[in-house]
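Residue-level structure breakdown
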Amino acid sequence: MQATIQQSQVKLEALRQEVITATEAFRSKSRFFVTQSGNVWAVVSASKIRLYGRNTSYAQAVRYAQSLERAIDAKTLPVVAVVKVRQVGESATRWCSLLALLFIVAAAVAQS
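Just so we're clear, the structure is a prediction, and the values are computed from it rather than from any experiment.

**Brief notes about the pairing of strand β2 (residues 40-45)**
- By the criterion of burial, β2 is predominantly enclosed, with 5 of the 6 residues buried.
- Here 6 bridges tie strand β1 (residues 32-37) to β2, and the two strands are oriented antiparallel to one another. For Phe 33, the partnering residue across the bridge sits in β2 and is Val 44.
- Adjacent in sequence and paired antiparallel, β1 and β2 are bridged by 2 residues, among which Gly 38 carries a positive phi angle near 70°.
- When β2 meets strand β3 (residues 51-55), the two strands line up antiparallel, connected through 4 bridges. Its bridge partner being in β3, Val 43 is matched across the sheet by Gly 53.
- Where β2 folds back on β3, the antiparallel hairpin that results is connected by 5 residues, among which Ile 49 adopts a positive phi of roughly 50°.

Here you go:
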């Protein structure tokens, strides 16, 4: 009986260490982590220590943190897309500037 209890305690301690290691790995990869704050679970930013939400259960808080991760990843544009947008914006600015210059010249010609 005593041996069974000791084996269970050893397994429990190994499980605790595994949970601690997994939690540290998750925190190092994730932008958010979930922590208990009083009787609610808080979703906190890992880098800025900013509170993003409070939930009544741990599962809801984890789902909310995961949805924040997905939302941030969805807003991230690839570098190629950013360069193309910048080039289109620059050419549109040039054309608008040229058109404005033509209007100014036309107005000056019309007045003289």
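From this point, the narrative continues.
**A short note on a nonpolar patch on the surface**
- On the surface, a cluster of nonpolar side chains totalling about 860 Å² of accessible area is made up of Trp 95, Leu 98, Leu 99, Leu 101, Leu 102, Phe 103, Val 105 and Val 109.
- Looking at the element boundaries, Leu 98 is found in helix α3 (residues 79-111).
- By relative accessible area, Leu 98 is classed as partly exposed at 41%.

**Regarding the sheet that holds β2**
- Spatial strand order, β1-β2-β3: 3 strands in an open sheet with antiparallel pairing. Looking along the sheet, the strands with just one partner apiece sit at the ends: β1 and β3. Averaged over all neighbouring strand pairs, the angle between strand axes comes to 25°, with direction disregarded.
- Strands in contact with helix α2 (residues 58-75) are β1, β2 and β3; relative to β1, the strand with the most contacts, it is inclined by about 155°.

Rules behind the numbers
Along each chain, residues carry numbers from 1 onward, in the same order as the chain's sequence is written. Where local features are concerned, this predicted model is filtered to residues with pLDDT of at least 70; where side-chain atom pairs are given and counted, the filter is 80 or more; whole-chain, interface and lining totals use all residues. By convention in this description, side-chain values take in all heavy atoms of the structure and omit both hydrogens and water. For the exposure calls, accessible area comes from a 1.4 Å probe over protein chains only, and a residue counts as buried if that area is under 20% of its type's maximum, exposed if over 50%, partly exposed in between. Only DSSP runs of H or I reaching four residues or more are called helices, and only runs of E reaching two or more are called strands; each is numbered from the N terminus. Should DSSP find at least two bridges between two strands, the strands are taken to pair. Residues enter a patch when their relative accessible area is above 30% and they make no salt bridge; the linking distance is 9 Å between like charges and 5 Å between nonpolar side chains (Val, Leu, Ile, Met, Phe, Trp, Tyr). Areas reported here follow the Shrake-Rupley algorithm with a probe of radius 1.4 Å; residue values treat only the protein chains shown as occluding. Salt bridge, as applied in this entry: a Lys or Arg side-chain nitrogen positioned within 4 Å of an Asp or Glu carboxyl oxygen. In this description, a line fitted to the C-alpha atoms serves as the axis of each element, helices being fitted only across the stretch in contact, and the angle between N-to-C directions of two axes falls anywhere from 0 to 180 degrees. Only heavy atoms enter the contact rule, under which two residues are in contact if any of them lie within 4.5 Å.

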